[in-house]
Amino acid sequence: MSPLRERVRRFLEKPGTASLARYQRQLPAIAELEDSLRNVTDAELADLAGEAEGDAEFCAIAREAALRALGERPFDVQLLGTLVMLSGHVAEMATGEGKTLAGALAAARYAWQGRSVHVMSVNDYLARRDAEWMRPVYDLLGVTVAWIDQTSTPDERRRAYQAQVTYAPVSEIGFDVLRDRLAGDAADLVTTQPDVVLIDEADSVMIDEALVPLVLAGSADEGSADREMAGIAAGLRPRLHYETDDDGRNVSLTNAGARAAERALGGIDLYAADQLDTLTRLNVALHAHALLERDVDYIVRDGKVHLISASRGRVAQLQRWPDGLQAAVEAKEALAATESGEILDSITIESLIRRYPRVCGMTGTAVTAGEELRQFYRLEVAVIPPNRPCVREDQPDRLYATLDQKEHAVIATVAAAHATGRPVLIGTLDVAESERLAEGLAAAELSCVVLNAKNDAQEAAIVAEAGALGAITVSTQMAGRGTDIRLGGRDGDPDEIASLGGLYVIGTGRHVSSRLDLQLRGRSGRQGDPGNSVFFVSLEDDLIASYAPDTEPPRDVDAAGRVSDADAHWAVGHAQRVAEGAHLEIHRNTFRYNRLIEDQRQVVLAHRDRVLRTSAAADALAGRCPERYAELAGTLDSQVVEGAARRIVLYHLDRGWADHLAVLAGIREGIHLRALGQGPNPFGMALDPLTEFHREAVALFGRLLDQVEERSAETFRTAEITAAGVDLDAAGLKRPSATWTYLVQDNPFGTVLDRALRRFGPSRRR
Ligand code: ADP
Ligand code: MG
């Protein structure tokens, strides 16, 4: 391609996309080697894989291995995917194109390059399934493979990480990294040095779930006085006492509200510097009261609050909100408070991924996330064409004036398609909507299966049947489900379903991102199958109410409520673009905030590692307290003194870091609330919470390691140290007796800091 044409092509393509040309050029060489490999023995194949000079040679060998192991000869487009991942990019390949295999071949090549590969899946079920499914291919290629799930023991995990390729859900890798943070002995470490990560459903993990913190908590704590706050929040009236933003992300007290709360709390001044804690708790309670809605944001089952994951629209196992918010919702629903603990450490999924020097991935919808992948991970996306051209027909939105009219139309459309036997997959935006729709379908005598992710393995089996004759399947968002839908289901006749028109995908509303719309549409039309997709939208949908609230009432409405105004149709796309912009901004802000903490965390971790593996602790303490050191060294074995010094320093380092995190969280809340209390300041420039946060956080961190050393010296001087080591408990320095891990669903409205930034930041829109 001439340079000009190349530039024009780049100009026309979406930002962040990588050209496929250099990978396509390798295909003839791969094809040429194919026949010569037919007669090679299995054992020779593994040897050849190890000796392969270039990627093309390896791909030819891998193609032969896959054919022998699975009976599936990788298509050219799959090998393009493999090559793209080997270059450290994200491969966009539609659902059903065979990404599992393409990814495995890339992982095997990395392994032969001497690297250790983690393949990250979105859940336990997929990690296990994919590792076992691909195992015969890895065996032929002479590469070791293992998997980890929630139930794996520490020994199993340690062994799994020793394999050349390890499949694991993102959360388990994160938890292992966090648990290793507390190891008292280098022999207890489970994880290995991060090297290559290959992420399946890359957009779902890296964008939708990026900000979810994984948390390691320890030692039980008292419940809280949040019931009092919940009572006060429940007594406040919307508009009079508090105001919510149109998009339902922010709630703030009015002056009248602050006065009412101050009276209820016995006449305190909420905005006094020493009432920061009260103000924070009240704000959290108000948040739970005014912004979190039962059956949309969470459900109550068996006396517990279960979160509904904002990005996947289904019950999120193992997830909770940040502690205060969880307690506030429990208080609001008058439920017993669940265990809460001190956060010992936490890491976001984004930070977890950024630890790997080489990141690559695959997904059906990457290009719409290209801008974010480039900004946050410096990754490029390469769009791989489908093996067979996609003939799915994506119909224009059907827009209705009201929700009721929309729901009627959905049911009528399902009934009509179902009458022909055609399978229908209906994607809803939340659990409450799924249930309402199922009732509506039942009333119309249509039986359906509703998915709400209680069990990933079981759900995968159900999704696999969604293409069967006469199936009606209702599901919340399909992103990251990892199961492709074969026409006819497991054992039906695909041609029969194809002759009916293939899978009919219906969305009951546009998502907050067009990428999620595409994920749903992509379930139909796999491998050149026929199919349709259509979204039903109403002007009463949350998307429009939140992001295009000024939309004019429609002029052109028929008897069934169908709207044909061009303006109204435009408003739907507009609302989605505004929502996408808002989410990107939140991500960007949280990213900046997390970056600083992550940098500090790395410094602490590097220090901890030195303490764990060397005599650094003893050396430092010998320097600080030479007399005490000489005294101990005179009577005790040097190993014992070294071990005691190590335990003392680790204790204070871990303690110091946990406290530091808690203080940072407090600062983050506090800055925002102080800013809210003061209102926009008279000089026109709002207090910039991020700058303020940085200033305080950097100053605090500057003192952290010194303090750790001082406290360690103090303990070293005073604690009893015998041949049995140091008795930290007797010195009142208790390590957490129990630890546990969980994911925090960072509250769906963005963190308090984000809300502050949105309120005061220079880029606030609307
Ligand atoms: P994706 O993750 O891209 O949605 P999967 O990896 O789940 O797709 O594969 C979808 C289906 O395609 C699987 O049933 C798999 O066995 C099949 N498949 C993958 N590659 C090939 C191939 N080269 N030839 C035939 N079938 C294939
Ligand atoms: Mg997949």
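K.L.:
Please give an account of the site of ligand 1 that cites residues and values.
P.N.:
Taken together, 15 residues sit near ligand 1, with Glu 72, Arg 73, Gln 78, Gly 96 and Thr 100 positioned nearest. Here an oxygen atom of ligand 1 and a backbone polar atom of Glu 97 are 3.4 Å apart. Starting from 580 Å² of accessible surface for ligand 1 in isolation, the protein chains cover 80%. In the shell around ligand 1, the residues fall into four nonpolar, five polar and six charged.

K.L.:
Tell me about the confidence of the model for the chain, residues and numbers included.
P.N.:
Overall, the predicted model of the chain reaches an average pLDDT of 84, with 85% of residues at or above 70. For residues 678-686, every residue scores under 50 in pLDDT, and the model assigns this stretch four contacts once sequence neighbours within four places are set aside. Throughout residues 745-766 the model reports pLDDT below 50, and contacts reaching past four residues in sequence, or to other chains, amount to 75 contacts.

K.L.:
Which residues make up the side chain of Arg 526, and what values go with them?
P.N.:
Along the polypeptide, Arg 526 turns up in the loop between helix 22 (514-521) and strand 21 (531-538). Its relative accessible area of 19% is what places Arg 526 among the buried residues. Those residues within four positions of Arg 526 in sequence are excluded, and the remaining contacts are Thr 95, Gly 96, Asp 484, Ile 485 and Arg 486.

K.L.:
Can you explain the sheet that holds strand 3 (residues 145-147)? Please cite residues and give values.
P.N.:
Taken together, seven strands build an open sheet; the order of strands is 3-4-2-5-13-1-14 and the sheet is parallel. Of all the strands in the sheet, just strand 3 and strand 14 (381-383) have a single pairing partner and so form its edges. In this sheet, adjacent strand axes meet at a mean angle of 20° when their direction is disregarded.

K.L.:
Tell me about the nonpolar core, and please be specific about residues and values.
P.N.:
Core analysis: the largest hydrophobic core is formed by 55 residues, its most contacted members being Tyr 138, Leu 141, Val 165 and Tyr 167. Looking at this core element by element, the count peaks at nine residues for helix 7 (residues 99-112). Leave out the neighbours within four places in its chain, and Val 165 touches Ala 107, Ala 111, Val 117, Val 119, Tyr 138, Val 143, Thr 144, Val 145 and Ala 146. Counting 48 residues, the second-largest nonpolar core is a separate cluster that includes Leu 126, Ala 146, Phe 175 and Ala 460.

K.L.:
Any details on the pairing of strand 5 (residues 196-200)? Residues and values, ideally.
P.N.:
As a general feature of sheets, a regular strand has side chains that alternate between the two faces. Most of strand 5 is tucked away: five of the five residues are buried. Neither face of strand 5 is exposed, since Val 196, Leu 198 and Asp 200 on one face and Val 197 and Ile 199 on the opposite face are all buried. Relative to strand 5, strand 2 (residues 117-121) runs parallel, the two being bridged by four bridges. Bridge pairing in strand 5 links Val 119 to Leu 198. Bridging between strand 5 and strand 13 (residues 358-363) involves five bridges; their strand directions are parallel. Counterpart to Val 197 in the pairing with strand 13 is Val 359.

K.L.:
Pulling in residues and values, what's your account of the pattern of salt bridges?
P.N.:
Here the structure, examined in full by the defined rule, presents 37 salt bridges. Between Asp 541 and Lys 406 there is a salt bridge, with the nearest N and O atoms lying 3.0 Å from each other. In this pair, Asp 541 is assigned in the loop between strand 21 and helix 23 (542-547) and Lys 406 in helix 18 (residues 403-419), connecting sequence segments 135 residues apart. The exposure class of Asp 541 is buried, given its relative accessible area of 8%. Between Arg 555 and Asp 567 there is a salt bridge, with its nearest N and O atoms 3.7 Å apart. In this pair, Arg 555 sits in the loop between helix 23 and helix 24 (566-613) while Asp 567 sits in helix 24, placing the two residues 12 residues apart along the sequence. Within the structure, one salt-bridge network assembled from shared partners comprises Glu 34, Arg 38, Asp 42, Arg 63, Glu 64, Arg 68, Arg 73 and Asp 76.

K.L.:
Residue-level account of the pairing of strand 13, with values.
P.N.:
Burial runs high along strand 13: five of the six residues are buried. Here strand 1 (residues 90-92) runs beside strand 13; their pairing, made up of three bridges, is parallel. When the sheet's bridge partners are listed, Ala 91 is paired in strand 13 with Met 362.

K.L.:
Please give an account of helix 17 (residues 370-377) that cites residues and values.
P.N.:
Looking only at helix 17, the buried set comprises Gly 370, Glu 372, Leu 373, Phe 376 and Tyr 377. Projection of helix 17 onto a plane perpendicular to its axis shows the buried side chains occupying an angular sector of 165°, all on one side. On its buried face, helix 17 sits against strand 1, helix 11 (202-208), helix 16 (349-354), strand 14 and helix 24. Arg 378 sits one or two residues past helix 17 and shows a positive phi near 50°.

K.L.:
Which residues make up the packing of helix 24 against helix 28 (residues 689-718), and what values do they have?
P.N.:
Closest axis-to-axis distance for the helix 24/helix 28 pair is 10 Å, and the angle between their directions is 5°. The angle between helix 24 and helix 28 places the two elements in the roughly parallel class. Of the residues in helix 28, those in contact with Arg 592, Tyr 593, Leu 596, Ile 597, Gln 600, Val 603, Val 604 and His 607 of helix 24 are Leu 690, Phe 693, His 694, Ala 697, Val 698, Phe 701, Leu 704 and Leu 705.

K.L.:
Lay out the environment of Glu 201 in plain terms, naming residues and giving numbers.
P.N.:
Of note, Glu 201 is situated in the loop between strand 5 and helix 11. Glu 201 gets classed as buried once you look at its relative accessible area, which sits at 8%. Along the primary structure Glu 201 and Gly 361 are separated by 160 residues, whereas in three dimensions their C-alpha atoms are 7.5 Å apart.

K.L.:
So what's going on with the packing of aromatic side chains? Residues and values would help.
P.N.:
Overall, the coordinates contain four aromatic pairs when judged by the stated rule. A ring pair is formed by Tyr 400 and Phe 536, whose centres lie 6.3 Å apart and whose planes are at 15°; its orientation type is stacked. You can see Tyr 400 sitting in strand 16 (residues 398-400) and its partner Phe 536 sitting in strand 21, a full 136 residues away along the chain. For Tyr 400, a relative accessible area of 7% gives the class buried. A residue is classified by how much of its surface remains accessible, and Phe 536, at 0% relative accessible area, is buried. Judged by centre distance (4.6 Å) and plane angle (40°), the ring pair of Tyr 593 and Phe 693 falls under tilted. Of this pair, Tyr 593 sits in helix 24 while Phe 693 sits in helix 28, and the two are 100 residues apart along the sequence. Between Arg 128 and the ring centre of Trp 147, over which it is positioned, the NZ or CZ distance is 6.0 Å.

The rules behind these values
- All residue numbers refer to position in the chain's written sequence, counted from 1.
- Here every chain gets a letter starting at A, and every ligand a number starting at 1, in the order they are written.
- The predicted nature of this model means local features are confined to residues of pLDDT at least 70 and side-chain atom pairs, given and counted, to a pLDDT of 80 or more, with totals for whole chains, interfaces and linings taken over all residues.
- In computing side-chain values, all of the structure's heavy atoms are included and hydrogens and water are not.
- If a single non-hydrogen atom of a residue is within 4 Å of a molecule or strand, that residue counts as near it.
- Side-chain atoms alone can form a polar contact between residues adjacent in sequence; in general such a contact is a pair of N or O atoms within 3.5 Å, and within protein one must be able to donate a hydrogen while the other accepts it.
- Accessible surface is estimated by sampling points in the Shrake-Rupley manner with a 1.4 Å probe; for residues, cover comes only from the protein chains shown.
- Each residue gets one of three labels, nonpolar for Ala, Val, Leu, Ile, Met, Phe, Trp, Tyr, Cys and Pro, charged for Asp, Glu, Lys and Arg, and polar for the others, Gly among them.
- A residue's pLDDT is simply how confident the predictor is in it, with values from 0 to 100.
- Contacts: residue pairs with any heavy atoms within 4.5 Å of one another.
- For the purposes of this entry, the term helix denotes a DSSP run of H or I that reaches at least four residues, the term strand denotes a run of E that reaches at least two, and both are numbered from the N terminus.
- Accessibility here uses a 1.4 Å probe with only protein chains present; expressed as a share of the type maximum, an area under 20% marks a residue as buried, one over 50% as exposed, and anything in between as partly exposed.
- Two strands pair if DSSP finds at least two bridges between them.
- Axis definition: a line fitted to C-alpha atoms, limited for helices to the stretch in contact. Angles are taken between N-to-C directions and run from 0 to 180 degrees.
- Among buried residues, the Ala, Val, Leu, Ile, Met, Phe, Trp, Tyr and Cys ones that are joined through side-chain atoms within 4.5 Å form a nonpolar core.
- Salt bridge, as applied in this entry: a Lys or Arg side-chain nitrogen positioned within 4 Å of an Asp or Glu carboxyl oxygen.
- The directions from the helix axis to the C-beta atoms are what the arc is built from.
- An angle below 35 degrees is read as roughly parallel, one above 145 as roughly antiparallel, one from 65 to 115 as roughly perpendicular, and any other as oblique.
- In this analysis, rings of Phe, Tyr and Trp, with Trp reduced to its six-membered ring, are considered paired at centre separations within 6.5 Å, and the interplanar angle assigns stacked below 30 degrees, edge-to-face beyond 60, and tilted for intermediate values.
- We call a charge positioned above a ring when the Lys NZ or Arg CZ atom is no farther than 6 Å from the ring centre and deviates by at most 35 degrees from the ring normal.

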